[in-house]
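These are the residues of each chain, in order.
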Amino acid sequence: MSVVVDSSRDKISSNMGERCGADVNSNEIIMGSTGDKQLDTAIWQWLQWDKNPKTKAQIESLLKSGKNKELRERLCSRMKFGTAGLRSSMGAGFSCINDLTVIQSTQGICRYLQTRFSDLQKRGVVVGYDTRGQMMSNCSSKRFAKLTAAVLLSQGVPVHLFSTYVPTPFVPFAVQQLKATAGIMITASHNPKEDNGYKVYWENGAQITSPHDKEILKCIEENAEPWNDSWNESLADTSSLLQDPLKEIYNRYLENVKDLCFHRELNMKTTLRFVHTAFHGVGHDYVHLAF
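Owing to the predicted nature of the structure, the values given are computational and were not obtained by experimental measurement. Residue numbers here run from 1 along each chain, matching the order of that chain's written sequence. Local features in this predicted model are restricted to residues of pLDDT 70 or higher, and side-chain atom pairs are both shown and tallied only at a pLDDT of 80 or more, whereas totals for entire chains, interfaces and linings draw on every residue. Here the side-chain values reflect all heavy atoms present in the structure, with hydrogen atoms and water set aside.

## Some details on the environment of Gln177
Here's step 1: Secondary structure counts use DSSP, requiring at least four H or I residues in a row for a helix and at least two E residues in a row for a strand, with both numbered from the N terminus. Along the chain, Gln177 falls in helix H7 (residues 170-178).
Here's step 2: Relative accessibility decides the category of a residue: with a 1.4 Å probe and only protein chains considered, values under 20% of the type maximum give buried, values over 50% give exposed, and everything between is partly exposed. On the accessibility criterion, Gln177 (28% relative accessible area) is partly exposed.
Here's step 3: In this structure, the C-alpha to C-alpha distance between Gln177 and Glu248, residues 71 residues apart in sequence, is 9.6 Å.
Here's step 4: Two residues qualify as a contact provided that any one of their heavy atoms is within 4.5 Å of a heavy atom in the partner residue. Beyond its immediate chain neighbours, meaning those up to four positions away, Gln177 contacts Ile249 and Arg252.

## Regarding helix H6 (residues 141-154)
Here's step 1: One less than the residue count of a helix, multiplied by 1.5 Å, gives the span that helix is expected to have. Between its terminal C-alpha atoms H6 stretches 20 Å, which fits the 20 Å expected from 14 residues at 1.5 Å a residue.
Here's step 2: Within the span of H6, buried status applies to Ser141, Arg143, Phe144, Ala145, Lys146, Leu147, Thr148, Ala149, Ala150, Val151, Leu152 and Leu153.
Here's step 3: Following H6 by one or two positions, Gly156 adopts a phi angle in the positive range, close to 75°.

## Structural notes on the packing of aromatic side chains
Here's step 1: Here is the rule: rings of Phe, Tyr and Trp (six-membered ring for Trp) pair when centre to centre is within 6.5 Å. Planes less than 30 degrees apart are stacked, more than 60 are edge-to-face, and the remainder are tilted. Following the criterion strictly, the structure yields eight aromatic pairs and no others.
Here's step 2: Taking the centre distance of 6.0 Å and the plane angle of 40° together, the rings of Tyr112 and Trp202 count as tilted. Of this pair, Tyr112 sits in helix H4 (residues 99-116) while Trp202 sits in the loop between strand E10 (195-201) and helix H8 (212-222), and the two are 90 residues apart along the sequence. Just as Tyr112 is buried, Trp202 falls in that class too.
Here's step 3: Pairing Phe170 with Tyr286 gives two aromatic rings, centres 5.1 Å apart and planes at 65°, and the pair type is edge-to-face. Here Tyr286 lies in helix H12 (residues 284-290) and Phe170 lies in helix H7, a separation of 116 residues in the sequence. With respect to burial, Phe170 and Tyr286 carry one shared label: buried.
Here's step 4: Cluster of aromatic residues (ring-pair linked, three or more members): Phe162, Phe170, Phe173, Tyr250, Tyr253 and Tyr286.
Here's step 5: Ring-over charges, as used throughout, are those where CZ of Arg or NZ of Lys falls within 6 Å of the ring centre and within 35 degrees of the ring normal. Its end group placed over the ring of Phe94, Arg78 keeps NZ or CZ at 4.5 Å from the ring centre.

Below is the structure:
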């Protein structure tokens, strides 16, 4: 028994080893059937849609090794999209955070924003990221942010993409200051280094609440297959719709911090000393400058 995946027909067919006259030059993938129709479909989708060589190879390796239980865990369930966005370990599979699931999530958010804001193509979306990364899957917060930007830019949505890593509060602050429709921050906060996350903020700078989370999840499921330019990471470097808000937001943020300091001269004379430890190094430079 084998499963023939014919990309020209976008289907999976089961046969007894016959190639069904397939074109040998087509992007056809032939694999042993797992005996689980849901899993076979999920494997086919992953191998067809994922363009990250390392995460694609992880699934191919599991398939060749017959590790169906792990394949089911990775491919037959999805991350739950809630008011805190997404959070999971980095790696291959629909249950993990990776290039493909970030693209799918952004496509869903883009479609939802299009239904909620008639001026989306004027106001745009803010995107920021921290310094997390994983070499074995070629996943990083910066790469996720650029793919997030690429999806939005491909749909004519302006993107305010920070040119370097920033503390999480910069994103919701920028949403309010720039009057954007939403903000996306790639970070897993205090989670272990193997994890990453995808936080979403509404136009008021607050994390999304119900029913937005449920509606976004529905849109993600309806837009699971990557669009034509969703993998075009170069858009995040070349598009005329791209802006870097770093300098403006940094200056405005520090001005706001100053307004909260009521005894600056007294603070400068104190003998007290503080120790600051930043998770993944994201906040240290900014905290140092703020003080």
